[in-house]
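In case you want the letters, here they are:
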Amino acid sequence: MEKMKILMAASESFPFAKSGGLGDVIGSLPKAFPKESCDVRVIIPKYEYIPEKYTSQFKAVDVFYVKVGFTEHYVGIQSYELDGVTYYFVDNEHFFKRPGLYGYYDDAERFIYFCRAVLECIPHIDFYPDILHCNDWQTALIPFLLKEQYQWHYLNTKTVFTIHNMKYQGHYGFNDLKGMLNLDYFPAAMEFYSGVNLMKGALYTSDLVTTVSPTYANELMMPYYGEGLDGVMRDIGYKVVGILNGIDPEVYNPNTDPALFANFSTSLKKKSANKTALQDYLGLPVDKRVPMVSMITRLVDQKGIDLVLGVIHEILQMDLQLVILGTGDGHYENALREIGYAYPDKVCTIIDFNEDLSRKIYAASDLFLMPSKFEPCGLSQMIAMRYGAVPVVRETGGLKDTVQYFNGETGQGNGFSFANYNAHELLYTLQSAVGLYYDYPKQWEKLVHNALKSNFDWKRSAETYLDHYKKITGK
Ligand code: ADP
């Protein structure tokens, strides 16, 4: 049987370059497809950020040029194999040899260039995919261009577009992009308030649109969550599916993770050694009895930081410690720093992006707070559960699909949740959680074990993707 050929295009992939959940997904989904029936390859930009231990082993594949506006740009394709998946890297120092991943004035041009490079690299890598799977706005131009300009080159290629976050759409003024798109007409499929919306183009032109949880797929059809594209989502509802992300149980394995102070699998005593070691490390009072509540997050509106700040003094009336690791908007960074200064014995705020520390915190925490305003899927709550930290979440998107309120009577459930985006609902839910921790240790233990046992393996999701790939290719 001929294998299904899948090329995933994205702007990040763990372990090479990651700024959030997208990087985790592209780093773990490809290897979850069955090797006997799928040949999965990934293409991302070659950022300066990628550690040298990888780049020094990249193999040169080919060199060619693509046009962006009137300029011809160099494209070097390099490759590297990891866990049976071939990764391709688009090398162009002008666009990608800079610190970090995004946030540059010319991000639109950088990713328009990348989309062209992906479409034109296919003959150079000699891999004509059945499925070209694109992710988020950075690769959203690919399905549009494939339909408009490359259809005859890639007759048998179907496109899939995954929305990892509807908030970031790639919305620009037409005049700003006109010179880079190499189109001699206004692209109607991308029209959005007289400008150009790259995400909208992908929604209309892809053969299949997926998003990263069933609940988020439904939410996106509503104005509150749709970020202006809810009408489009309703229009294309017939080709939208929500497929829950997973996490790689080996990448996040408390039993082998070298970042932890003490490895553990089910022993809560060993888990607790992580808490006391982290308290010591962060300069908090060392006390294994006190519950540690943590947040590891981008500090942006989406993540519900304002809810936490709204009731922070009430939260800190409780006997608990709060550890926050994150970077993002300056006003949240400052407010959280100040809380750390005001309650030095209870709060530790670390403004940083630090993978190693994040794992230490997951392993040390009793509770993990994630009161998001919206959450396409959310990986942090899954990682938290894998490390025995009980999630406290708002019932939205993937949080709703992965966290079930613990029922002390039946012993079912793996966390705590609340429905409305309301600071006091968050407070009362956290109070219930802390109450259970102190007053019902047996039930608490059961709850932590339920969280530890929750299965967020990629296998089932990869099978669902594959079923849909088969449907659209007829293979
Ligand atoms: P999002 O993609 O919206 O940022 P997710 O929960 O899907 O949220 O994924 C976030 C990922 O980024 C998780 O792996 C989380 O551990 C990681 N992360 C977020 N902030 C930090 C930080 N400051 N330091 C280290 N890792 C972080």
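Owing to the predicted nature of the structure, the values given are computational and were not obtained by experimental measurement.

Chemist: Before we go on, may I ask you to explain the packing of aromatic side chains in this structure?
Modeler: What describes a pair of aromatic rings is the distance from one ring centre to the other and the angle between the planes of the rings. Across all of its chains, the model carries 32 aromatic pairs by this definition. An angle of 65 degrees between the planes, with centres 4.7 Å apart, marks the rings of Phe174 and Phe186 as edge-to-face. With Phe174 in helix 6 (residues 174-181) and Phe186 in the loop between helix 6 and strand 9 (191-192), this pair connects stretches of sequence that are 12 residues apart. Judged by relative accessible area, Phe174 falls into the buried class, the value being 18%. Classification of Phe186 as partly exposed rests on a relative accessible area of 33%.

Chemist: Is there a simple way to explain the side chain of Asn450 in this structure?
Modeler: Following the sequence through the fold, Asn450 ends up in helix 19 (residues 441-453). With a relative accessible area of 11%, Asn450 lands in the buried category.

Chemist: Could you clarify how one ought to interpret the side chain of Thr297 in this entry?
Modeler: Examined against the element boundaries, Thr297 turns out to sit in strand 13 (residues 292-299). Residue classification places Thr297 among the buried positions, given a relative accessible area of 15%. Contacts of Thr297, omitting those with residues within four sequence positions, involve Lys303, Ile305, Leu325, Gly326 and Thr327.

Chemist: Can you walk me through the sheet that holds strand 10 (residues 195-197) in this structure?
Modeler: By definition, the strands of a sheet pair up through backbone hydrogen bonds, in either a parallel or an antiparallel sense. The sheet built from three strands is open, its strands ordered 8-10-9 with antiparallel pairing. Of all the strands in the sheet, the pair left with one neighbour each is strand 8 (171-172) and strand 9. The sheet strands contacting helix 7 (residues 198-205) are strand 8, strand 9 and strand 10, and the helix crosses strand 10 at an angle near 55 degrees.

Chemist: Even after reading the chapter, I still don't get the site of the ligand, so can you show me in this structure?
Modeler: The full set close to the ligand counts 23 residues, and Gly21, Arg298, Asp352, Tyr362 and Ser380 are the nearest of them. One nitrogen or oxygen atom from the main chain of Gly21 is found 2.7 Å from an oxygen atom belonging to the ligand. For the ligand, an oxygen atom lies 2.8 Å from a polar atom in the side chain of Lys303. About the coverage of the ligand: the protein hides 93% of its 560 Å² of free accessible area. Breaking the shell around the ligand down by element, the ones donating at least two residues are helix 1 (21-28), strand 13, strand 14 (321-328), helix 15 (355-364) and helix 16 (380-386). Residue classes in the shell around the ligand are distributed as eight nonpolar, nine polar and six charged.

Chemist: Just checking my understanding: could you explain the environment of Gly398 for this structure?
Modeler: Residue placement: Gly398 occurs in helix 17 (residues 397-402). Aside from chain neighbours lying at most four places away, what touches Gly398 is Ser213, Leu244, Glu375, Pro376, Cys377 and Gln381.

Chemist: Before we go on, may I ask you to explain the nonpolar core in this structure?
Modeler: Nonpolar side chains tend to gather and get buried jointly when the protein is soluble and globular. Judged by nonpolar contacts, the single largest core of 169 residues is most densely connected at Phe33, Ile43, Ile163, Leu203, Leu367 and Tyr469. It is helix 4 (residues 107-125) that contributes the most residues to this core, 12 residues altogether. Not counting residues within four places of it along the chain, the set of residues in contact with Phe33 comprises Ile6, Met8, Cys38, Val40, Ala462, Tyr465, Leu466 and Tyr469.

Chemist: What's the story with the pairing of strand 2 (residues 38-45) in this structure? I'm lost.
Modeler: On a regular strand, one side chain projects to one face of the sheet and the next to the other, so that they alternate. The buried count for strand 2 comes to seven of eight residues, which makes it a mostly enclosed element. As paired elements, strand 1 (residues 4-9) and strand 2 share six bridges and run parallel to each other. What sits directly across from Leu7, in strand 2, is Arg41. Running through helix 1, the crossover from strand 1 to the neighbouring parallel element strand 2 is right-handed.

Chemist: Whenever I open this one, a nonpolar patch on the surface confuses me. Can you help?
Modeler: On the surface, a nonpolar cluster with roughly 280 Å² of combined accessible area is contributed by Val63, Tyr65 and Tyr74. Turning to its location among the elements, Tyr65 is positioned in strand 3 (residues 59-68).

Quick notes on the rules
- Sequence order as written defines residue numbering, which begins from 1 separately in each chain.
- Given that this is a predicted model, residues contribute local features only at a pLDDT of at least 70 and side-chain atom pairs are listed and counted only at 80 or more, while totals for whole chains, interfaces and linings are drawn from all residues.
- Side-chain measures were taken over the full set of non-hydrogen atoms in the model, leaving aside hydrogen atoms and water.
- Only the six-membered ring of Trp is used, alongside the rings of Phe and Tyr, when aromatic pairs are assigned; centres must lie within 6.5 Å, and planes under 30 degrees apart are stacked while those over 60 apart are edge-to-face, with the rest tilted.
- The way it works is that DSSP assigns letters per residue, a run of H or I at least four long becomes a helix, a run of E at least two long becomes a strand, and they are numbered from the N terminus.
- Only protein chains enter the calculation, and the probe is 1.4 Å; a residue is then buried if its accessible area is under 20% of its type maximum, exposed if over 50%, and partly exposed in between.
- We call two residues in contact whenever any of their non-hydrogen atoms come within 4.5 Å of each other.
- Paired strands are those between which DSSP finds at least two bridges.
- A fitted line through C-alpha atoms represents every axis, and for helices the fit uses only the stretch in contact; the resulting angles, taken between N-to-C directions, go from 0 to 180 degrees.
- If even one non-hydrogen atom of a residue comes within 4 Å of a molecule or strand, that residue is called near it.
- Here a polar contact is taken to be a pair of N or O atoms separated by no more than 3.5 Å, where protein atoms must pair a possible hydrogen donor with a possible acceptor and residues adjacent in sequence count only if both atoms sit in side chains.
- In short, Shrake-Rupley with a 1.4 Å probe defines the accessible areas, and a residue's cover is counted only from the protein chains shown.
- Each residue gets one label: Ala, Val, Leu, Ile, Met, Phe, Trp, Tyr, Cys and Pro are nonpolar, Asp, Glu, Lys and Arg are charged, and the others, such as Gly, are polar.
- Each nonpolar core is a collection of buried residues, namely Ala, Val, Leu, Ile, Met, Phe, Trp, Tyr and Cys, held together in the definition by side-chain atoms within 4.5 Å.
- Crossover handedness is defined by viewing with both strands directed away from the observer: a clockwise path from the first strand over the helix to the second marks the crossover as right-handed.
- Patch definition: residues with relative accessible area over 30% and no salt bridge; like charges joined within 9 Å; nonpolar side chains (Val, Leu, Ile, Met, Phe, Trp, Tyr) joined within 5 Å.
- In what follows, salt bridge is the name for a side-chain nitrogen of Lys or Arg lying within 4 Å of a carboxyl oxygen of Asp or Glu.

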